[in-house]
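# Analysis of the macromolecular model
Residue strings, one per chain:
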Amino acid sequence: MKYIGNKTRLLPFLDEVLAHEEIPLGGRALDPFSGTAAVARHLKSKGFRVVAGDLQAYAYVQGVAHVALNRYPDFAALGCPGRGAMGLRQALALLDALPGEDGFFYASYAPGGSGGARQYFSDANARKIDAVRAHLTLWRAEGRLTDDGYHLLLACLIDAADFVANMSGTYGAFLKIWRCMALKPLTLKPIRVLPSRLPHRAVQSDANRLVRQEECDLLYLDPPYTGRQYASNFHVLETLALGDRPPLRGKTGLRPTAGQFSAFSRARQAPAAMQDLLAASRARHILLSYNDEGLIPHEQLMAMLGALGRLRVYEHDYRRFRTERDHARRRYTRPDDRVVERIYAVRR
Ligand SMILES: C[S@@+](CC[C@H](N)C(=O)[O-])C[C@H]1O[C@@H](n2cnc3c(N)ncnc32)[C@H](O)[C@@H]1O
């Protein structure tokens, strides 16, 4: 998934910090801002017992697929006899072969629909998304898909839809001109389930609440840094994950976002939200990812984190996540398109 703040490319940096801080692998790790689940999955692969949480439903679906599942679900009830990854490929082939349907995505997010000619997806891809989404709901209701199977296939659909979406990084706007990838046919690709013997979990929750509920040895924090709310920038994926038919408004077709606006994306609320979250955690190790353009100034973070225990700060020069909107509207302090990504490491 293309995602603001995705840390896939920073995983080697995270590994360096884990090693330098001598954080023992294999404890309980909590990632309450898990997004694409890239970090949570990585921590799982390193032997941690992981809980991945996020406010958004699409992130929960990714968390189930990448973290909570320890083996491939069985798709025999769909007539797919294969075991493991083979069963998943067979189930995806069934879905890939479905003829398109006129449903909510076609009506709302494609030029042929009635939604004011929004063009997040080509007509053919939107109709394909509708067909696949409808079958997932139907098969689950008929008991032909387990919850695990449903979420794994749904995560594959979210990835595939995101791959052909006609936008430049977020769903805050669609492109007026079709980008090349958006005109290619949507193809479902299998997600590789990471095997493990440990009980991992995914939850949809507010981070400050989750931190109070889940004890952990390592708390990895990757909150939003900027004023861009994920609920409005990834609203199309949220609708796909929920499979509902919300009233949409405006040119971009925004769904209602009540309850999903994050205090971490509001300049005036972010410091207090961070302070509250830190005060609630009893983790021995806290790692916070934040960059030098975030809403909470470096000095303020240093004061908050330094009060908890021994604090070290690691820095990494990083190419920023860019979107078309950034080019048009934004002015960055660094003309060279680079930001300093930091990991603040606290040991109590
Ligand atoms: C910087 S992204 C995390 C990216 C993630 N580490 C990755 O590699 O994909 C921040 C995430 O925090 C989530 N979020 C924002 N406010 C939240 C809150 N109060 N509680 C839980 N999740 C929140 C957003 O939905 C978003 O997925």
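The structure presented is a predicted model; accordingly, all values stated were derived computationally and were not measured.

Taken domain by domain, the chain consists of domain 1 (1-70 + 197-224 + 262-348) and domain 2 (74-193 + 234-260). The C-alpha centroid of domain 2 is placed 27 Å from the C-alpha centroid of domain 1. Across the contact, 24 residues belong to domain 1 and 25 residues belong to domain 2. Taking both sides of the interface into account, the surface hidden between domain 1 and domain 2 amounts to around 2100 Å²; carbon and sulfur atoms contribute 63%. Three residues stand out in domain 1 for area buried against domain 2, namely Lys2, Tyr58 and Leu69, and they jointly supply 28% of the buried area on that side. Linking domain 1 with domain 2 are one salt bridge, by the criterion used here. Residue Lys2 pairs with Asp162 through a salt bridge whose shortest N-O separation is 3.8 Å. At the surface where domain 1 touches domain 2, the tally comes to seven residue pairs in polar contact (both at pLDDT 80 or more). At the level of elements, α3 (57-68) and α13 (324-329) are the ones that each hand at least two residues to the side of domain 1 that touches domain 2. The element best represented in the side of domain 1 that touches domain 2 is α3, accounting for eight residues. Counted by class, the side of domain 1 that touches domain 2 contains twelve nonpolar, seven polar and five charged residues.

The next point concerns the packing of α3 against helix α10 (residues 235-242). For the pair α3 and α10, the least separation of the axes is 7 Å and the interaxial angle reads 60°. By the angle between their axes, α3 is oblique relative to α10. Between α3 and α10, the contacting residues are Ala57, Tyr58 and Val61 on the first element and Leu237, Glu238, Ala241 and Leu242 on the second. Residue composition of the contact of α3 with α10, grouped by class: six nonpolar, no polar and one charged.

With that settled, the discussion passes to the site of the ligand. The full set close to the ligand counts 23 residues, and Tyr3, Thr36, Asp54, Asp222 and Ser262 are the nearest of them. In this structure, Asp206 approaches the ligand through a side-chain N or O atom, which is 3.0 Å from a nitrogen atom. Protein chains bury 99% of the 610 Å² of accessible surface belonging to the ligand in isolation. For the shell around the ligand, the per-class residue count stands at eleven nonpolar, eight polar and four charged.

Here we take up the packing of aromatic side chains. The full count for this structure, using the stated rule, is 14 aromatic pairs. Between Tyr3 and Tyr230, the aromatic rings sit 5.1 Å apart at their centres with planes inclined by 45°, giving tilted as the arrangement. Here the residue Tyr3 occupies a position in the segment before α1 (11-20), and Tyr230 occupies one in helix α9 (residues 230-233), the gap between them amounting to 227 residues. Residue Tyr230 is classed as buried on the basis of its relative accessible area of 17%. Through pairs of rings, three or more aromatic residues link up here, namely Tyr3, Tyr58, Phe104, Phe105, Tyr109, Tyr120, Phe121, Tyr171, Phe174, Tyr230 and Phe234. Its guanidinium or amino end placed over the ring of Tyr106, Arg127 lies 5.9 Å from that ring's centre, counting from NZ or CZ. The ring centre of Phe163 lies 5.4 Å from the NZ or CZ of Lys189, which sits over that ring.

Reading the values: rules and limits
- Residues numbered from 1 in each chain as written.
- Predicted model: local features only at pLDDT ≥ 70, side-chain atom pairs only at ≥ 80, totals over all residues.
- Heavy atoms only, no water.
- Domains from an automatic or database assignment.
- Contact = heavy atoms within 4.5 Å.
- Buried area = accessible area lost by both parts, 1.4 Å probe.
- Salt bridge = Lys/Arg side-chain N within 4 Å of Asp/Glu carboxyl O.
- Polar contact = N/O pair within 3.5 Å; in protein donor to acceptor, adjacent residues only side chain to side chain.
- Helix = DSSP H or I, 4+ residues; strand = E, 2+ residues; numbered from the N terminus.
- Nonpolar A, V, L, I, M, F, W, Y, C, P; charged D, E, K, R; others polar.
- Axes fitted to C-alpha atoms, helices over the stretch in contact; angles between N-to-C directions.
- Parallel < 35°, antiparallel > 145°, perpendicular 65-115°, else oblique.
- Near = heavy atom within 4 Å.
- Areas by Shrake-Rupley, 256 points an atom, 1.4 Å probe, with all protein chains shown as cover.
- Phe/Tyr/Trp six-rings, centres within 6.5 Å; stacked < 30°, edge-to-face > 60°.
- Buried < 20%, exposed > 50% of the residue type's maximum accessible area, 1.4 Å probe, protein only.
- Lys NZ or Arg CZ within 6 Å of the ring centre and 35° of its normal.

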